[in-house]
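# Geometric and topological summary
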Amino acid sequence: MTVEEIKIRRLTNQYLIEKADKQTVVKDLCGIQAQFMPNAIHSLKIRSSKFDEKTVSEGLVKNWTIRGTVHVFSQDDLPLFINCNDGKNYRRNEWNGYSFWNQRDKWKLSPERQKYFSDIILNALADSVKTREELKEICRQNTMTEIEENCMFDPWGGGIRELCERGFINYTIKEKKEYCLSPEFTPMLKHESEIELARRYFTNFGPATIHDAQYFFKTTASKVKEWLEVLPIESFELKNKAYFFINNGKTYNKEIPECIFLAGFDQLMLGYEKKESLFLEQEHIRGIFNIAGIVMPSILFNGKIIGKWKMKNRIFSAELFEDISSDKIKTIKDSAENLWSDLKKTNITTI
């Protein structure tokens, strides 16, 4: 298999050549990373058939999942992503044990107070969806101190995140931080969920290397090898690297699309070790993966990342890594106008 054939397989499997229904997309891609909701919405838009932003949230939830980051995923997959320590902590409002949060020096929320405020938050959400600020105000009215608030509502998760990870609550599918009660579900065992996610990965991100899977799942090579041993894996070597995939019965007879506007934090960028990317040249890594940890929206042109883009006030702007022909610039502009019918203007420059 050649590099171009690997690219075609990855683009096909990630629904960037032929679209699929929204539920299929989010399930096969192990969710869509969603620190910034516009990125997640765009990622679904370029992959989903019959996409409608007004109904995009139907059947989806948002919560902490792979790599300890927030993803949008199918509500059906709550048991897969929210393991709750093999179900032992499912909706358990007791906080006496060791956790990532309560062992930190800045953690000043006692187990008793965490239980108390968790009940207050859950009771508040039983009435209606609430924003982060609304929940803070309700807790303040019920004697929460400033230092307790900093723990419960830590910017990186805190007590609110623990309620998410124990199956109590989810984020709503919106840009602002807003929470709702989670529907009931029975968590999968962690080992079983890992195998299922690995199956989806090698089926829909493959062909991929062990390093790629390590990067995507933020795990060890030994763990990936354990998964490979129990999955129906096929493999081949190219340029002294072993690639693995699971046959999904798809055909790969379509050409690479001329121009695709990938979302920020797109699965095509996050799904593989960035230093070994087949789509992004090494000298341009910092143009897409910046030092602050942001993965910029990128332009995939004939299978190669050639720059980044942004949209503001219906003005499309692109910064290219190198000079390209006027014909290619016209193709980018035409592609933008086809994707966003209400564009006012397009600006394309070279960095």
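Right, let's walk through the structure included here. Note that this is a predicted model, so its numbers are computed, not measured.

### Some thoughts on the nonpolar core
- Residues Tyr201, Phe202, Leu262 and Ile305 are the most contacted members of the largest nonpolar core, which totals 63 residues.
- Examining the composition of this core, we find that 5 residues originate from one element, helix 9 (residues 190-204), more than from any other.
- Those residues in contact with Leu262 that sit more than four places away from it in its chain are Leu16, His42, Ile46, Leu268, Met269, Pro297, Ser298, Leu300, Ile305 and Trp309.
- Among the nonpolar cores identified, the runner-up in size contains 25 residues, and Ile121, Ala124, Leu125 and Tyr171 belong to it.

### Examining the layout of surface pockets
- When its volume is computed, the second largest pocket comes out at roughly 630 Å³.
- Forming the boundary of the second largest pocket are 23 residues, of which Pro38, Asn39, His42, Trp309 and Met311 lie nearest the centre.
- Among the secondary structure elements, those contributing two or more residues to the lining of the second largest pocket are helix 3 (37-45) and strand 11 (304-312).
- Examining the composition of the lining of the second largest pocket, we find that 5 residues originate from one element, helix 3, more than from any other.
- Taken together, the residues of the lining of the second largest pocket sort by class into 14 nonpolar, 3 polar and 6 charged.

### Observations regarding the environment of Thr346
- Of note, Thr346 is situated in strand 13 (residues 345-350).
- We classify Thr346 as buried; its relative accessible area is 16%.
- Leaving out residues up to four positions away in the same chain, Thr346 has contacts with Phe316 and Lys333.

### Here we look at the pairing of strand 11
- Bridge analysis of strand 10 (residues 298-301) against strand 11 gives 4 bridges, and the strand direction is antiparallel. Following the sheet pairing, Ser298 is matched in strand 11 by Lys308.
- Direction of pairing for strand 11 relative to strand 12 (residues 315-320): antiparallel, over a ladder of 6 bridges. Within strand 12, the position partnered with Gly307 by the bridge is Leu320.
- Counting the residues that bridge the hairpin from strand 11 to strand 12 gives 2 residues, and of these Asn313 lies at a positive phi of roughly 55°.

### Quick word on the packing of aromatic side chains
- Across all of its chains, the model carries 22 aromatic pairs by this definition.
- With a centroid separation of 6.2 Å and an interplanar angle of 55°, the aromatic rings of Phe205 and Tyr272 are classed as tilted. Residue Phe205 is found in the loop between helix 9 and helix 10 (210-217), and its partner Tyr272 is found in the loop between helix 12 (267-270) and helix 13 (285-288); the two are separated by 67 residues along the sequence.
- Overall, the relative accessible area of 0% leaves Phe205 in the buried class.
- Ring geometry for Phe236 versus Phe245: centroids 6.2 Å apart, planes at 55°, classification tilted. In terms of burial, Phe236 and Phe245 fall into one category: buried.
- Taken together, the ring pairs in this structure connect Tyr201, Phe202, Phe205, Phe216, Phe217, Trp227 and Tyr272 into an aromatic cluster.
- For Lys274, the ring lying beneath its charged end belongs to Phe289, and the centroid distance is 5.6 Å.

### Section: helix 3
- Burial of helix 3 is extensive: 7 of the 9 residues sit out of reach of the surface.
- Of all the positions in helix 3, only Met37, Asn39, Ala40, Ile41, His42, Ser43 and Leu44 are classed as buried.

### Observations concerning the side chain of Glu148
- Here Glu148 lies in helix 7 (residues 146-152).
- Apart from residues no more than four positions distant in its own chain, Glu148 is found in contact with Lys108, Leu109, Arg113, Phe117 and Thr143.

### Structural notes on the pairing of strand 7 (residues 234-238)
- Relative to strand 8 (residues 241-245), strand 7 runs antiparallel, the two being bridged by 5 bridges. When the sheet's bridge partners are listed, Phe236 is paired in strand 8 with Tyr243.
- Two successive antiparallel strands, strand 7 and strand 8, enclose a turn made up of 2 residues, where Lys239 displays a positive phi of approximately 50°.

### A word on helix 11 (residues 221-230)
- Of the positions making up helix 11, those classed as buried are Val224, Trp227 and Leu228. Within helix 11, the buried residues cover an arc of 100° as seen down the axis, which keeps them to one side. Exposed and facing more than 90 degrees away from the buried side of helix 11 are Glu229 and Val230.

### Overview of the side chain of Lys62
- Among the structural elements, Lys62 can be located in strand 2 (residues 60-64).
- One buried charged residue, Lys62, remains without a salt bridge, the closest side chain of opposite sign being Glu175 at 6.2 Å.
- From its side chain, Lys62 meets the backbone oxygen of Lys174 in a polar contact 3.1 Å long.
- Once residues within four sequence positions are removed from consideration, Lys62 is found in contact with Ala34, Met37, Val70, His71, Val72, Phe73, Asn170, Tyr171, Thr172, Ile173 and Lys174.

### Quick look at the packing of helix 10 against helix 11
- Packing of helix 10 against helix 11 brings their axes to within 9 Å, and their N-to-C directions diverge by 110°. Between helix 10 and helix 11, the crossing angle belongs to the class labelled roughly perpendicular. The handedness of the crossing between helix 10 and helix 11 is right-handed. Mapping the contact onto sequence places Ile210, Ala213, Gln214 and Phe217 in helix 10 and Ala221, Val224, Lys225, Trp227 and Leu228 in helix 11.

Reading guide: rules and limits
Residues numbered from 1 in each chain as written. Predicted model: local features only at pLDDT ≥ 70, side-chain atom pairs only at ≥ 80, totals over all residues. Heavy atoms only, no water. Core = buried A, V, L, I, M, F, W, Y, C linked by side-chain atoms within 4.5 Å. Buried < 20%, exposed > 50% of the residue type's maximum accessible area, 1.4 Å probe, protein only. Helix = DSSP H or I, 4+ residues; strand = E, 2+ residues; numbered from the N terminus. Contact = heavy atoms within 4.5 Å. 1 Å grid on protein atoms, 1.4 Å probe; cavity = no way out; pocket = protein on both sides within 12 Å on 5 of 7 lines; lining within 4 Å. Points joined across faces, edges and corners; volume = space filled by probe spheres on them. Nonpolar A, V, L, I, M, F, W, Y, C, P; charged D, E, K, R; others polar. Pairing = 2+ DSSP bridges. Phe/Tyr/Trp six-rings, centres within 6.5 Å; stacked < 30°, edge-to-face > 60°. Lys NZ or Arg CZ within 6 Å of the ring centre and 35° of its normal. Arc of directions from axis to C-beta. Lys, Arg positive; Asp, Glu negative; His and termini not counted. Salt bridge = Lys/Arg side-chain N within 4 Å of Asp/Glu carboxyl O. Polar contact = N/O pair within 3.5 Å; in protein donor to acceptor, adjacent residues only side chain to side chain. Axes fitted to C-alpha atoms, helices over the stretch in contact; angles between N-to-C directions. Parallel < 35°, antiparallel > 145°, perpendicular 65-115°, else oblique. Left-handed = near helix turned anticlockwise from the far one by under 90°.

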